[in-house]
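# Working through the structure, step by step
Here is how the chains run, residue by residue.
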Amino acid sequence: YSRRIKNIKRKNNENLEKQRTQKDLLETELKALRSQMNPHFIFNSINSIQDLILKEDTDASYDFIVLFAELVRNTLNYSNQDFIPFDKEIEFLNVYLSLEKLRFKDEFSYQIETNGIQGILVPSLLVQPFIENALLHGLLHREGLKKLSIRFELDEELTCVIEDNGVGRAKSREIQERQASGHKSFALEAINKRLELINHQNNQNAGYTIEDLISDNKAIGTRVTIKLPFKRIY
């Protein structure tokens, strides 16, 4: 009986150690993914600053650098945190979109609706890559006013809906093939892996869908619906 008890305890300790090791591995992978995304993100911002400097747009360059500094500071602060307060995530998105507004000027407008959500934590820096994709693949190729809408809704689940009036996925692919850019969405690859790890770590079912917005058999934009994991602060 004593030997059996000892064996059970030993196996339980081994299982606990295995679980701790697996959790540490997941946390390490999440941190590695965020560290991969940050240089990619910063590189795009530096390119935008370079474009403004080459155009000799001094005022816009200064404003961009000030916002960029704030963005980098927030990125460094949040990148080592799995979850951050919802209002901090919205603040981060506003700074990022302000930078894009400086780049596109009057040709770009955006709005963020939070519907009074408060008292929750969300995964840090998870929504921004979807917004970046909307700008890069949909809105960048559109002539005239480029519109972006971001709406958060909280019920039993936290949902983020991102809509743009860009050229749509098919047209975007056509343009990429014509330009022979061979661009592959690094950000979404990282997001897919990160969501997989978050779901595994927190036993949740986060994910996203992407669909074209169609009118008269013509693409008039794209909608991304993201089901986000969240934690209540109290």
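Quick summary incoming for the structure in this document. Just so it is clear, the structure is predicted and the values come from calculations on it, not from any experiment.

Thresholds applied
Residues numbered from 1 in each chain as written. Predicted model: local features only at pLDDT ≥ 70, side-chain atom pairs only at ≥ 80, totals over all residues. Heavy atoms only, no water. Pairing = 2+ DSSP bridges. Helix = DSSP H or I, 4+ residues; strand = E, 2+ residues; numbered from the N terminus. Axes fitted to C-alpha atoms, helices over the stretch in contact; angles between N-to-C directions. Parallel < 35°, antiparallel > 145°, perpendicular 65-115°, else oblique. Left-handed = near helix turned anticlockwise from the far one by under 90°. Contact = heavy atoms within 4.5 Å. Nonpolar A, V, L, I, M, F, W, Y, C, P; charged D, E, K, R; others polar. Core = buried A, V, L, I, M, F, W, Y, C linked by side-chain atoms within 4.5 Å. Buried < 20%, exposed > 50% of the residue type's maximum accessible area, 1.4 Å probe, protein only.

Here the focus is the sheet that holds strand S7 (residues 218-228). An order of S2-S4-S5-S7-S6 is seen for the five strands of this open sheet, with the pairing classed as mixed. Of all the strands in the sheet, the pair left with one neighbour each is strand S2 (108-113) and strand S6 (207-215). On average, each strand axis in the sheet is inclined to that of its neighbour by 15°, with strand direction left out of account. Taken together, the seven bridges between strand S5 (residues 158-164) and S7 define a ladder with antiparallel strand orientation.

At a closest axis distance of 10 Å, the pairing of helix H2 (residues 58-78) and helix H3 (residues 86-104) adopts a crossing angle of 155°. Taken together, the axes of H2 and H3 lie roughly antiparallel to each other. As H2 runs across H3, the sense of the crossing is left-handed. The residues of H3 that touch H2, namely those facing Ala60, Asp63, Phe64, Leu67, Phe68, Glu70, Leu71, Asn74, Thr75 and Tyr78, are Lys88, Glu91, Phe92, Val95, Tyr96, Ser98, Leu99, Leu102 and Arg103. For the contact of H2 with H3, the per-class residue count stands at eleven nonpolar, three polar and five charged.

Grouped together as the largest cluster of nonpolar side chains are 46 residues, with contacts concentrated most on Ile131, Leu148, Ile150, Phe152 and Ile162. Considering every element that reaches this core, the biggest residue donor is H3, with ten residues. Not counting residues within four places of it along the chain, the set of residues in contact with Phe152 comprises Phe86, Ile90, Leu93, Ile112, Glu113, Thr114, Asn115, Ile117, Val127, Thr159, Cys160 and Leu228.

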